[in-house]
Every structure is written in structure tokens, then in C-alpha cells.
Amino acid sequence: MVKLIPLVLFLALVGFLAKGLTLDPREVPSPLIDKPAPEFRLPTLPATGTDFKSADMQGQVWILNVWASWCRACVTEHPLLVDMAAEQRLPIMGLNYKDTPEAAMAWLGQLGNPYNRILDDREGRVGLDWGVYGVPETFVIDRSGQVRYKHIGPLNETAIENIVEPLIEELLAAPS
Amino acid sequence: MNTLLRLCSIVVATALLTGGSSRLHSAESVLSFQNPKQEALYNQLIQEYRCLKCQNQNLADSAADLAGDLRREIHMRIVEGKSRDEIDSYLVARYGDFVLYRPPFKATTYLLWIGPFVLLAVALVYAVRLGRRGKHAVAEAGAGQLDEARRLLGK
């Protein structure tokens, strides 16, 4: 019996390592999930003089997409956001993270603008409060103002079909 | 002699590398503190937080933009007189326990903290058992061989 211990330990180790191979260490689960979204107030792009206040979104299901013109991965997810915006089911807010207004507007002019409003976070302070550590990141916020999902890295079709869409359906169906 | 030389060069290389990394953020304006205690806390804390952007570096070593921002936030909080626990919870609220290189002792980390000791205990028990069985085996063989020797010697 005792002779089997090393084998059992070895198999357990192999098991853990095998599981580890399937995980992406870049995806750190956000502590914000199912917590109230951090409140913020930011000027919009192009500057309109009225700030965007996250509190104004209370009662709505919405998406906050963190992006920047310097972010290469943002280019790959952009068409998916444009498609989603075309359906007009929920507001998509673009948090322009550590960018300059000129570069951001030129980028959107070239690739299309999926955002209802573009929020100017050039200092990155709002990003910091939302725990952004790699752009792009996408948050889904429910009617009560809670963060329900965070996607780290560029959105892809699989994530949209399997996670984002079903979640949005569920949240939109919920009474406000 | 050769090993000694190699050791020396490793030490020198490490010193150069770490020296290089601290020079990296000395470029960010010289930080001021109200007292040496605050400075010591700052230097300790940035060693103990992980940079989420480049996950195997701490905030002190990371050249990532985000690490710079977080160092700035930590510095600001220390000068405001915030405690270590308050700064811990500021970071954990945003990035989770993963940001701490020294994770807290709680239900989800019991395995992490206690696991190695459990493994050590299992290994010790196993080693002791093996050792005992080995001794018995030697004793038995010893007795058998002694009898055989006596028989051969005709005694």
C-alpha cells in the first residue's frame, strides 16, 4: 500500500499540471463581478461640455468597452462591436483608455464607431478603478448597476455567442 | 576556481540587472516622503504586489505603464498616511488576491499555505516507513547469512 504513495502523488501532480495547461494565466478573475460598478464621471469625445456619469446608466443594461487607438488587439474585436452596435439592443460605451482625442477619433473614423458615447479616460484613472490591466476589456453591467461579466482581451465570436449574448438576453428580460 | 569565477559573475550580473531595474523608475520624478518609515513601507509594498500586466514581475521591477500608475497610487496613499491594510484592500478590490505576492490566509488559500506541509508530512511518514522496513530486511538477511556462515564453518 505504502509503495503506491509516490505513484498517487505523481498522478495528482500530473493532474494539476494538466489542468494548468488548459487555463490562461492572463485571465485573472475580476473581483468586481456581481459587485456594484465603480462610479465615475468623465468628459466625452468629441467634447460636448456635458460629462458622462455612470450613475445615469442606472436601470439600463449596458456594455463598457475599454479600448485605445494604440491597442492592436482592439482592431481585431472592433468589427464584432460594430455588429453588436448595429443591433441597437443596448448602449455600448467606449472607455478610451490612455489615448489622445485626435488619435482616438481618427481610429474610429477609419474603422467605424460602435459607441453610443466615447468616454475620455486619458489619465487612465477610471481604468484603474475598474481593474483594467490589459486593453481591450469589456464589461457587462446590469440594470441595478452591478458588473455581471468581464471579458479580458479582444472579444471573439465564441465568447459573444456562448457568454455575452445569453447573458444580455437574460439581463434585458429581467424587469428593471 | 572555475566555479568561484562563475559564481562571482552571476552575482555581478544580478547586481547589474537589479540596479538597472531600479534605475528604470528613478526616471519617474524623485518620490518624496514625510519620514523614512513611509519610504520603507513604500519600498516594501512595491516588492510585494504583482504587476498584472507582466505577471511574473512585482511593481518595483515592472516597467509597464500600469505598474507606474499603481506605484503612483501607492505612493499617494502612503503619503496620505494610509496603512498597509488599506492599500492592500485598495488593490485587492480591483485586481483580486492575485495582485498580492503574499496571499492572505483564508478558505480559498488553505491548500496553498498548508499544502506543502501536508506533502512534507506524507513524505516524512513514507521515508520513516521505508527506513524501518530497510532495517528489518538487513537484520533478517544478517541473521540468515550468519547461520549460513556457521553452517559452512561447521560450527
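Peer 1: Go over the overall build of chain A, please, and point to the residues and values.
Peer 2: The secondary structure content of chain A amounts to 5 helices and 8 strands. Listed by position from the N terminus, the elements making up chain A come as α-β-β-β-β-α-β-α-β-α-β-β-α. Its C-alpha atoms give chain A principal-axis dimensions of roughly 75 × 40 × 30 Å. The buried share among the 176 residues of chain A stands at 46%. In chain A, the proportion of contacts linking residues at least 24 apart, taken out of those at least 6 apart, comes to 72%. Approximately 9200 Å² of chain A is accessible, and the part contributed by carbon and sulfur atoms is 60%.

Peer 1: I'd like a description of helix 4 (residues 84-95) of chain B, backed by residues and values.
Peer 2: Given a rise of 1.5 Å per residue, 12 residues ought to cover 16 Å, and the 16 Å separating the end C-alpha atoms of helix 4 of chain B matches this to within 8%. B:I87, B:D88, B:Y90, B:L91, B:R94 and B:Y95 are the residues of helix 4 of chain B that are buried. What you see down the axis of helix 4 of chain B is that its buried residues fit within an arc of 160°, all on one side. Tucked inside the fold, the buried residues of helix 4 of chain B contact helix 4 (125-129) of chain A together with helix 2 (36-48) and helix 3 (65-79) of chain B. Backbone geometry just after helix 4 of chain B places B:G96 at a positive phi near 80°.

Peer 1: Which residues make up the nonpolar core, and what values go with them?
Peer 2: Most often, soluble globular proteins keep nonpolar side chains buried together rather than apart. The biggest cluster of nonpolar side chains holds 70 residues, and the ones touching the most others in it are A:F40, A:L64, A:W130, A:F139, B:I74, B:L91 and B:Y95. When near neighbours in sequence (up to four residues on either side) are disregarded, A:F139 contacts A:L32, A:W62, A:I63, A:L64, A:V66, A:W130, A:V132, A:V147, A:Y149 and A:K150.

Peer 1: Give a detailed account of the pattern of salt bridges, specifying residues and quantitative values.
Peer 2: Overall, the coordinates contain 22 salt bridges over all chains when judged by the stated rule. With a shortest N-O distance of 2.7 Å, B:R94 and A:D129 are connected by a salt bridge. Placement of B:R94 in helix 4 and of A:D129 in helix 4 is noted, with the two residues assigned to different chains. A salt bridge links B:E80 to B:K82; the shortest N-O distance between them is 3.1 Å. Each of A:K98, A:R125, B:D65, B:D69, B:R72, B:E73 and B:R77 takes part in one network of salt bridges that share partners.

Peer 1: Give me the lowdown on a nonpolar patch on the surface, citing residues and values where you can.
Peer 2: On the surface, a nonpolar cluster with roughly 820 Å² of combined accessible area is contributed by A:L9, B:F105, B:Y110, B:L112, B:W113, B:I114, B:V118, B:L119 and B:V122. When its relative accessible area of 31% is taken as the criterion, B:V122 is described as partly exposed.

Peer 1: I'd love a proper account of the packing of aromatic side chains, names of residues and values included.
Peer 2: All told, the structure shown has 8 aromatic pairs over all chains when counted by the stated rule. Ring geometry for A:W130 and A:F139: centres 4.9 Å apart, planes at 75°, overall edge-to-face. Note on A:W130: relative accessible area 0%, which makes it buried. Taking relative accessible area as the criterion, A:F139 reaches 0% and is therefore assigned buried. Joined through ring pairs, the aromatic side chains of A:F40, A:F52, A:W62, A:W130 and A:F139 make up one cluster. Lying over the aromatic face of B:F98, B:R50 brings its terminal NZ or CZ to 4.0 Å of the ring centre. Stacked on the ring of B:Y90, the Lys or Arg B:R77 has its end atom at 3.7 Å from the ring centre.

Peer 1: Please give an account of the layout of surface pockets that cites residues and values.
Peer 2: Taken as a whole, the largest pocket holds about 730 Å³ of empty space. Contributing to the lining of the largest pocket are 23 residues, with B:R50, B:F98, B:T108, B:T109 and B:L112 lying nearest its centre. Counting residues per element, the ones that place at least two in the lining of the largest pocket are helix 1 (5-22) of chain A together with helix 5 (110-153) of chain B. Residues belonging to the lining of the largest pocket are distributed by class as follows: 12 nonpolar, 6 polar and 5 charged. Put simply, the second largest pocket is a space of about 330 Å³. Along its surface, the second largest pocket is lined by A:L9, A:A12, A:L13, A:F16, B:L111, B:L112, B:G115, B:P116, B:V118 and B:L119. Of all the secondary-structure elements, those providing two or more residues to the lining of the second largest pocket are helix 1 of chain A together with helix 5 of chain B. Residues belonging to the lining of the second largest pocket are distributed by class as follows: 9 nonpolar, 1 polar and no charged.

Procedures and definitions
Residues numbered from 1 in each chain as written. Chains lettered and ligands numbered in written order. Predicted model: local features only at pLDDT ≥ 70, side-chain atom pairs only at ≥ 80, totals over all residues. Heavy atoms only, no water. Helix = DSSP H or I, 4+ residues; strand = E, 2+ residues; numbered from the N terminus. Buried < 20%, exposed > 50% of the residue type's maximum accessible area, 1.4 Å probe, protein only. Contact = heavy atoms within 4.5 Å. Areas by Shrake-Rupley, 256 points an atom, 1.4 Å probe, with all protein chains shown as cover. Expected span 1.5 Å × (residues − 1). Arc of directions from axis to C-beta. Core = buried A, V, L, I, M, F, W, Y, C linked by side-chain atoms within 4.5 Å. Salt bridge = Lys/Arg side-chain N within 4 Å of Asp/Glu carboxyl O. Patch = residues over 30% accessible without salt bridge, like charges linked within 9 Å, V, L, I, M, F, W, Y side chains within 5 Å. Phe/Tyr/Trp six-rings, centres within 6.5 Å; stacked < 30°, edge-to-face > 60°. Lys NZ or Arg CZ within 6 Å of the ring centre and 35° of its normal. 1 Å grid on protein atoms, 1.4 Å probe; cavity = no way out; pocket = protein on both sides within 12 Å on 5 of 7 lines; lining within 4 Å. Points joined across faces, edges and corners; volume = space filled by probe spheres on them. Nonpolar A, V, L, I, M, F, W, Y, C, P; charged D, E, K, R; others polar.

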